[in-house]
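Structure assessment
Chain residues, written in single-letter form:
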Amino acid sequence: MAQFNLKLLQVGEPVLRQQARTLSAQEIRSPEIQQLIESIRETMRAAPGVGLAAPQIGESLQLAVIEDRPEYSERVDPTVLAAQDRKPVPFHVIINPQLVVTEETTAEFFEGCLSLTGFTALVSRVKKVGVKCLNEKAEPVFIEAQGWYARILQHEIDHLNGKLYIDHMISRSFMTVDNHACHWAGRSVEDICEVLGLTACYVDKK
């Protein structure tokens, strides 16, 4: 029986900095991995989050789940959603993913992480990616994504390679979630960069 609400490991745990191992098709189809997928899915939903990678619950495997549910965006300003190019993403699993940048244009937005509870920072990510991977049935899949979905994929695949968003963040923008809500929410990225003195921070760079 699947274990739900698994412990979410926090930064400093060695497994979060390790290269996760790939899974064979036979392993993916096994009851153990199928149960693990279910457990990770329910843990992600309970958090709640839009993605969760196996290393975040202590399993060093090239496996992550993603789901950006419609209700997560209900209270977000429509102008912010438009700027982020954010739309709902159905639940799906990525295994042994290989990421390909399909457009070099980048944008900066605040990211958080279930393994860095209570913090956020501006992170520059490319706006369009392709991902070659296997699904939960060990079937080959190619994903094309842009905007916020592309950001989620990059974030989760980083986890599988022992990386966290703090490795890419604009360090001067690092702050608590509470202070972000108090002082910075609703302000444009350009305005935030100007106030923080981030002269090298631009949205839609090429």
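Treat the numbers as computed from the prediction; the structure is a model and nothing was measured. (Residues numbered from 1 in each chain as written. Predicted model: local features only at pLDDT ≥ 70, side-chain atom pairs only at ≥ 80, totals over all residues. Heavy atoms only, no water.)

**So, the packing of aromatic side chains**
Put simply, the rule reads: For this analysis, a ring pair means two rings from Phe, Tyr or Trp (six-membered ring only for Trp) whose centres lie within 6.5 Å, classed as stacked if their planes differ by under 30 degrees, edge-to-face if by over 60, and tilted for the remaining angles. Here a strand is any run of E in DSSP of at least two residues, a helix any run of H or I of at least four, and the numbering for each starts at the N terminus. Relative accessibility under 20% of the residue-type maximum defines a buried residue, over 50% an exposed one, and the middle range a partly exposed one, all with a 1.4 Å probe and only protein chains included.
Scanning the entire structure with this criterion turns up 2 aromatic pairs. A ring pair is formed by Phe109 and Trp148, whose centres lie 5.9 Å apart and whose planes are at 70°; its orientation type is edge-to-face. In this pair, Phe109 is assigned in strand β3 (residues 89-111) and Trp148 in helix α4 (residues 147-160), connecting sequence segments 39 residues apart. Judged by its relative accessible area of 12%, Phe109 falls in the buried class. On the basis of relative accessibility, which here comes to 11%, the residue Trp148 falls in the buried class.

**Focus on the pattern of salt bridges**
Put simply, the rule reads: A carboxyl oxygen of Asp or Glu within 4 Å of a side-chain nitrogen of Lys or Arg is what we treat as a salt bridge.
Considering all chains together, one arrives at 13 salt bridges under this definition. A salt bridge links Lys128 to Glu103; the shortest N-O distance between them is 3.5 Å. Linking Lys128 in strand β4 (residues 119-134) with Glu103 in strand β3, this pair joins segments that are 25 residues apart in sequence. On the basis of relative accessibility, which here comes to 26%, the residue Glu103 falls in the partly exposed class. Connected through shared salt-bridge partners, Arg41, Glu42, Arg45 and Glu67 make up one network.

**Details of unusual backbone geometry**
In this structure, the amide linkage connecting Ala47 to the following residue, Pro48, adopts the cis form with an omega of -15°. Looking at where Pro48 falls in the secondary structure, it is placed in the loop between α2 (31-46) and β1 (51-53). The phi angle at Asn96 is positive, at roughly 50°, despite the residue not being glycine. The buried category is assigned to Asn96, whose relative accessible area is 17%. Backbone geometry at Ala138 places phi at a positive 70°, although glycine is not the residue there. For Ala138, a relative accessible area of 11% puts it in the buried group.

**Re the pairing of β3**
Note on strand geometry: in a regular strand, side chains alternate between the two faces of the sheet. Defined as follows: Strands are labelled as partners when DSSP assigns at least two bridges between them.
Judged from the 5 bridges that link them, strand β2 (residues 63-68) and β3 form a sheet pairing that is antiparallel. Looking at β3, one finds that Asp68 is bridged to Val89. In this sheet, β4 lies alongside β3 in antiparallel orientation, the contact comprising 12 bridges. Of the residues in β4, the one forming a bridge with Gln98 is Lys132.

**Notes on the pairing of strand β5 (residues 140-146)**
As paired strands, β4 and β5 are joined by 7 bridges and run antiparallel to one another. Note that in β5 the partner of Cys133 across the bridge is Val141. The hairpin turn running from β4 into β5, its antiparallel successor, is 5 residues long, and Ala138 in that turn takes a positive phi close to 70°.

**Considerations on the nonpolar core**
Here is the rule we go by: What is meant by a nonpolar core is a set of buried Ala, Val, Leu, Ile, Met, Phe, Trp, Tyr and Cys residues, joined one to another through side-chain atoms within 4.5 Å. Between two residues, a contact is recorded if the distance between any of their heavy atoms is within 4.5 Å.
One finds Ile94, Leu122, Ile143 and Leu153 to be the most contacted residues of the largest nonpolar core, which totals 30 residues. Looking at this core, the elements with two or more residues in it are β2, β3, β4, β5, α4 and α6 (189-196). Of all the elements, α4 adds the most residues to this core, at 7 residues. Excluding its chain neighbours within four sequence positions, the residues that come into contact with Ile143 are His92, Ile94, Val129, Gly130, Val131, Cys133, Tyr149 and Leu153. Judged by nonpolar contacts, the second largest core, of 17 residues, contains Ile28, Ala54, Val93 and Leu134.

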